[in-house]
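Examination of the molecular architecture
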Amino acid sequence: MKTLITNIKELLQVREAGIAKVSGKEMAELPLLNNAWLAIENNLIAGFGTMENCPDTLGYTVIDAKGKAVLPAWCDSHTHIVYAGNRVLEFVDRINGLSYEEIFNRGGGILNSAKKLNETSEDDIYEQSKHRLEEVMQQGTGAVEIKSGYGLTVEGELKMLRVIKRLKEEYPIAIKATFLGAHAFPAEYKENHSGYIDLIVNEMLPKIAEEKLADYIDAFLETGYFSIEETERIMEAGKKYGMPAKIHVNQFTAINGIEACVKHDALSVDHLEIVTDEDIEVLKNSNTMPVALPTCSFFISIPYTPARKMLEAGLPLALATDFNPGTTPSGNMNLVVATACIKMKMTPEEAINAATINGAYAMGLSDTHGSITIGKRANLIITKPVTSYYQLPYAFGSNLIETVIIEGKTI
Ligand SMILES: N=CN[C@@H](CCC(=O)O)C(=O)O
Ligand SMILES: [Zn+2]
């Protein structure tokens, strides 16, 4: 199957092969072609250029993109799309003045979702989760990471990861699975942290590895959740099973957790609402991608990741949704990009780089996703007619996406 997109007003994020991520000042540049074409063969980007050199349309299905922008589909490197029920009552509790921490301390939050998940069948969780996955695909996401972490029991964690596996098998979108057994201590382990970590390391991980259910390992490294030492045990155990770390860290407090993650070669450190100068120093010259989640900051009214400070220090930055029932019940990457521009003062170029090429890096998908590069997957967004791509974050409440192509096919 061959498709030719013609008359593209702006073809964004055009890159040579081999660029895995962009950092610091490089993030201000978003290479583009005006008045362009792009050819798709099977599921891959087969070629692109400007219209004066457009191939003969014979043999192609032609899509005329006059007045429209084309860009790589979003790469959402941090989600918790698989869950049961929702947490609307906590949403109202927060409106009435309770904080995220207060809700958790009352037995709500992650433990509330864990209770629901353990009471729900695998099939039911699959049905609920597939609608969310379909929704984010329609919103332009072409690759996504999904975490477990609402099981917190051997069976519950396996159930979540099996649902993720089923989604991988049923949908064309690239999915990476992350094991997040260390999301919170279940009530019965509140006074026995090492007992729960033993359960993760000695029972959950071997089964997960045997069934090949996870690509990465995660922990919530935070005051009141997992300490540096506890998270290090988790990262070391993951490494033994070939699961690099992607860690929730610095959401509410900075306790030198980033240093531990970098020491353990974490692929990404995510959240980073609170970042110190020391954290920035350790991230420099590391291979660890910092990931910001601005719609989480928006939804639970916490600080935004200090993007300007990090980019000025030369760091890369990725953007992701954190789609989950508690802190971000939205998987809309366009809203993430808009919020990063509006609240974190990232330019549209920086935000789009963060949501595409750097997001792909944070999922280990740099070779296949995140840019318009010959040989990469044909995962594309075609916008409605726009004055320029600036309209995507500017018109933050509008859906300017007209067509989404995943693996060469319009969805
Ligand atoms: N902070 C930790 N985990 C999730 C929220 C989990 C929840 O409240 O359900 C997050 O990334 O924000
Ligand atoms: Zn998260």
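Residues numbered from 1 in each chain as written. Chains lettered and ligands numbered in written order. Predicted model: local features only at pLDDT ≥ 70, side-chain atom pairs only at ≥ 80, totals over all residues. Heavy atoms only, no water.

Focus: the coordination of the zinc ion (ligand 2)
Around a metal, the perfect tetrahedron of four donors has angles of 109.5 degrees, and the perfect octahedron of six donors has angles of 90 or 180 degrees. Summarising the metal site, the zinc ion (ligand 2) is bound by the protein donors H78 (NE2), H80 (NE2), H248 (NE2) and D322 (OD), whose distances to it range over 2.0 to 2.3 Å. Assessed through its relative accessible area of 2%, H80 is described here as buried. D322 gets classed as buried once you look at its relative accessible area, which sits at 1%. (Donors = N, O, S within 2.8 Å, 3.2 Å for Na, K, Ca; no water. Buried < 20%, exposed > 50% of the residue type's maximum accessible area, 1.4 Å probe, protein only.)

Here's the deal with the packing of aromatic side chains
Aromatic rings considered in pairs are described by the distance between their centres and by the relative angle of their planes. Summed over all chains, the structure comprises nine aromatic pairs. Judged by centre distance (5.4 Å) and plane angle (10 degrees), the ring pair of F91 and F299 falls under stacked. Here F299 lies in helix α10 (residues 294–300) and F91 lies in helix α1 (residues 88–95), a separation of 208 residues in the sequence. Residue class for F299 comes out partly exposed when judged on its relative accessible area of 23%. Where F104 meets Y225, the ring centres are 4.7 Å apart and the plane angle is 35 degrees; that geometry is what we call tilted. With F104 in helix α2 (residues 100–105) and Y225 in the loop between β9 (216–221) and α7 (228–240), this pair connects stretches of sequence that are 121 residues apart. An aromatic cluster is built from F185, Y189, Y196 and F226, whose rings are joined through pairwise contacts. Looking at R132, its charged tip hangs above the ring of Y83, at a distance of 3.5 Å from the centre. (Phe/Tyr/Trp six-rings, centres within 6.5 Å; stacked < 30°, edge-to-face > 60°. Helix = DSSP H or I, 4+ residues; strand = E, 2+ residues; numbered from the N terminus. Lys NZ or Arg CZ within 6 Å of the ring centre and 35° of its normal.)

Details of the UniProt feature "domain: Amidohydrolase-related" (unreviewed entry) in the chain
As recorded in UniProt, the sites labelled "domain: Amidohydrolase-related" (unreviewed entry) are residues 70–410. Secondary structure content for residues 70–410 is 43% helix and 16% strand, and the end C-alpha separation is 13 Å. (UniProt positions renumbered as here; feature names shortened; annotations may be inferred.)

Some points on the domain arrangement of the chain
The extent of an interface is frequently quoted as the accessible surface area lost upon association of the parts. You can read the domains of the chain as domain 1 (2–72 + 370–410) and domain 2 (75–361). Taken together, the contact between domain 1 and domain 2 spans 30 residues of the former and 35 residues of the latter. In total, about 2,500 Å² of surface goes out of reach between domain 1 and domain 2, with carbon and sulfur atoms giving 64% of it. Across the domain 1-domain 2 interface, the total number found is zero salt bridges. Linking domain 1 to domain 2 there are 13 residue pairs in polar contact (both at pLDDT 80 or more). Elements that contribute at least two residues to the side of domain 1 that touches domain 2 include exactly β5 (68–72), α15 (391–394) and β15 (401–406). Its residues assigned to classes, the side of domain 1 that touches domain 2 shows 17 nonpolar, seven polar and six charged. (Domains from an automatic or database assignment. Contact = heavy atoms within 4.5 Å. Buried area = accessible area lost by both parts, 1.4 Å probe. Salt bridge = Lys/Arg side-chain N within 4 Å of Asp/Glu carboxyl O. Polar contact = N/O pair within 3.5 Å; in protein donor to acceptor, adjacent residues only side chain to side chain. Nonpolar A, V, L, I, M, F, W, Y, C, P; charged D, E, K, R; others polar.)

Side note on the packing of helix α4 (residues 122–138) against helix α5 (residues 154–170)
One can describe the packing of α4 onto α5 by two numbers: an axis separation of 10 Å at closest approach and a directional angle of 50 degrees. Judged on the interaxial angle alone, α5 and α4 are oblique. Considering how the two elements wind past one another, α4 and α5 form a crossing that is right-handed. Along its contact with α4, which presents E122, D123, I125, Y126, S129, K130 and L133, the element α5 presents K159, R162, V163, R166, L167 and E170. Residue composition of the contact of α4 with α5, grouped by class: five nonpolar, one polar and seven charged. (Axes fitted to C-alpha atoms, helices over the stretch in contact; angles between N-to-C directions. Parallel < 35°, antiparallel > 145°, perpendicular 65-115°, else oblique. Left-handed = near helix turned anticlockwise from the far one by under 90°.)

Section: the side chain of T6
Along the chain, T6 falls in strand β1 (residues 2–12). Once residues lying within four places of it in the same chain are set aside, the contact partners of T6 are A36, W37, M51, C54, V62, I63, D64, A65 and K66.

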